[in-house]
Each structure stands twice: as C-alpha cells, then as structure tokens.
Amino acid sequence: MADPTFAHVPRHVAIIMDGNGRWAQQRGLPRVEGHRRGVETVRKTIETARDFGIEYLTLYAFSVENWRRPEDEVGALMNLLEYFLKKETKTLIKNRVRLRTIGRTQDLPAKVRRELDRTIEATADFTEHTLVLALNYGSRTEVVDAAQSFAAAVQSGEISPDDKSWEAFARRLYTHDIPDPDLVIRTSGETRVSNFLLLQAAYAEFVFLPSFWPDFSRDEFAQAIEEFNRRERRFGRTGDQLTAAAAPVSGAS
Ligand code: FPP
C-alpha cells in the first residue's frame, strides 16, 4: 500500500501505548501476552513513523507509577525491554534511527541499562529520525530533577538567579534537546494524560483512539495524523490572526 501524503507531517509524535492488559484479558490470555504483542506494535510503529517522515517518535514505555504493578508483570516488562533492545538494534541501525531515553533510567535494572547504553551508543550519529523511549518517566519527577539541576546551576553561578525565562528552565528538562511534541496519541479509549510530557505538550494536539495498543495499525496512525491536520493550532493567537497571516498581502504584485 502506498504511503499516505499529509499536508503537514508532525515533527514529533508522542504515544501513550495503553490497553495491552485489556487486549489480553479479552482473549483470556495473561496480561504479559498483551505486552508481548505490544512489543510487536512498537516495532511496526517505529517503522511507520519513519516511513511517514516523522522526525521524533516518543513512546511511553514505563512510567514511574508502573513500579506499583505486580512484581512479575514489572519483571516481564523489563525482560521485554531487554529483548527488544537486543533484537531491534540492528534494525534501528539499518534504518538510521537514533535511540534516546527520557526518565530516571539510572534506576532501571542493570541488564536493561546495559542494553540501552549499547543501543544509544550504536545509533548516536543518526540525526534524521529519533526514537525516544520514556522509561521510569513521569512529568512530576522530571520537574523535580530539573528544579534541582537549575538550583545547582544558580548556586554555581552558571545561571543568574534573575533568569526567569522558560528557555533556561527547559534546558534542565530531560527533553532539553528534543522539540516539543506536536501530536500526542493515546490508545485504548482512555482520555487521560497520566503524567506524560505535561510541560512539553502545552501546545500539542491530542488524539484519543479506541484501539488497544496491540491493535494500533498503520491506518490508525495515518488517521491520527489526518486529524492533526484538521486542527487549527493557534499558539495563543486568534483564528482571524492566523487567517490574515496565511492570506496573500493584497496589492502585492
Ligand atoms: C499499557 O498497557 C502499557 C504499558 C504500561 C507498557 C507498555 C510496554 C510495551 C508496549 C512493551 C515494552 C516496550 C518497549 C518499548 C519494548 P496496560 O498494561 O496499562 O493495559 P491496560 O490498561 O489494558 O491494563
């Protein structure tokens, strides 16, 4: 099937991959089977994002709150992550996709950190496409970490205590070198943000889809981008201002 053409391709798409557990439960399977199928969707979605020309794809793979799940489910998710990195690094290299992470990755199991370091290093030179895995991520812990780093920089004289700019603070976020998401997608019919990129998504468009993550398809990804294209992004301006800015200047030759 030919790739769809979009009027505007969002530069950064961030996805809350939800519904693995319900997908499995509906089929009488253990929840872990849903996560296993979810990894397959992760693999396909990275490829689709690349085909669509999306520069940054962020996937919410493990939140700071996810440690509250049963120990065996947390263990299974960590194993899947390790397996994914071991297996997919070759493909990331072939497709020239750089891997980045956001979150307190220092608190992940050593075997996962080791694979992350390997893949990050092996893909560090690629610039066209970036896969950002949000791991042990939460916006509130990100703000705490950024505030601590900001305070230390003020104390050392690197930042002036009078610097009240957003840019100075944003440089302390995990996402300091990643553009804000244009589009945030959540699967599974839930319409929550769940502590995900709360500051970075200040002007993002949100699309909520009914499918469970293992069923998220290339077509649905395309539909979400079509929906994004139907939205009018005003960034605080009025609709009339946007129309005037887009209209050709009258009398100009
Ligand atoms: C939400 O479904 C999904 C997660 C908490 C984990 C997402 C993880 C993967 C897709 C696999 C590992 C990731 C990578 C990048 C290899 P849920 O369990 O909350 O579903 P439910 O709401 O139906 O219970």
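Scroll up for the structure.
The following refers to the structure shown. For clarity, every value in this text was computed on a predicted model and none was experimentally measured.

**Some remarks on the nonpolar core**
Thinking step 1. Grouped together as the largest cluster of nonpolar side chains are 40 residues, with contacts concentrated most on Ile-15, Leu-57, Leu-59, Leu-131, Ile-185 and Phe-221.
Thinking step 2. Here this core gets 8 residues from one element, more than from any other, and that element is helix 3 (residues 71-94).
Thinking step 3. Ignoring anything within four residues of it in the chain, the contact list for Leu-59 reads Ile-15, Met-17, Val-42, Ile-46, Leu-131, Val-132, Leu-133 and Ala-134.
Thinking step 4. With 15 residues, the next largest nonpolar core counts Ala-14, Tyr-56, Tyr-60 and Ile-178 among its residues.

**Here we look at the site of the ligand**
Thinking step 1. Around the ligand sit 18 residues, and of these Asp-18, Gly-21, Arg-22, Arg-31 and Arg-69 come closest.
Thinking step 2. Gly-19 is positioned with one of its backbone polar atoms (N or O) 3.3 Å from an oxygen atom of the ligand.
Thinking step 3. With respect to the ligand, the side chain of Arg-69 contributes an N or O atom lying 2.7 Å from an oxygen atom.
Thinking step 4. In isolation the ligand has 620 Å² of accessible area, and contact with the protein removes 92% of it.
Thinking step 5. Counting only elements with at least two residues in the shell around the ligand, the list comes to helix 1 (20-26), helix 2 (31-52) and helix 3.

**Concerning the pattern of salt bridges**
Thinking step 1. Following the criterion strictly, the structure yields 23 salt bridges and no others.
Thinking step 2. A salt bridge links Glu-47 to Arg-43; the shortest N-O distance between them is 3.6 Å. Here Glu-47 pairs with Arg-43, and both are found in helix 2, just 4 residues apart, close to one helical turn.
Thinking step 3. The class for Glu-47 is partly exposed, based on a relative accessible area of 35%.
Thinking step 4. The class for Arg-43 is partly exposed, based on a relative accessible area of 24%.
Thinking step 5. Among the ionic contacts, a cluster of salt bridges with common partners joins Asp-18, Arg-22, Arg-186, Glu-190 and Arg-192.

Parameters and conventions
- For every chain, the first residue of the written sequence is number 1, and numbering continues from 1 along that sequence.
- Whole-chain, interface and lining totals are the exception, using all residues; otherwise, since this is a predicted model, local features are given only for residues with pLDDT of at least 70 and side-chain atom pairs are given and counted only at 80 or more.
- Note: side-chain values were computed over all heavy atoms of the structure, leaving out hydrogens and water.
- Note on terminology: a nonpolar core comprises buried Ala, Val, Leu, Ile, Met, Phe, Trp, Tyr and Cys residues joined through side-chain atoms within 4.5 Å.
- The cut-offs for exposure are 20% and 50% of the maximum accessible area for each residue type, with area from a 1.4 Å probe on protein chains only; residues under the lower value are buried, those over the upper are exposed, and the others partly exposed.
- Only DSSP runs of H or I reaching four residues or more are called helices, and only runs of E reaching two or more are called strands; each is numbered from the N terminus.
- Any two residues whose heavy atoms approach within 4.5 Å at even a single point are treated as in contact.
- The rule for a residue being near a molecule or strand is that one of its heavy atoms must lie within 4 Å of it.
- For the purposes of these results, a polar contact is taken to be a pair of N or O atoms within 3.5 Å, where, inside protein, one atom must be able to donate a hydrogen and its partner to accept one; residues adjacent in sequence count only when each atom of the pair is a side-chain atom.
- Residue exposure ignores everything except the shown protein chains as possible cover, and the areas themselves are Shrake-Rupley values with a 1.4 Å probe.
- When a carboxyl oxygen of Asp or Glu is within 4 Å of a side-chain nitrogen of Lys or Arg, the pair counts as a salt bridge.

Honestly, it's all geometry; don't read function into it.
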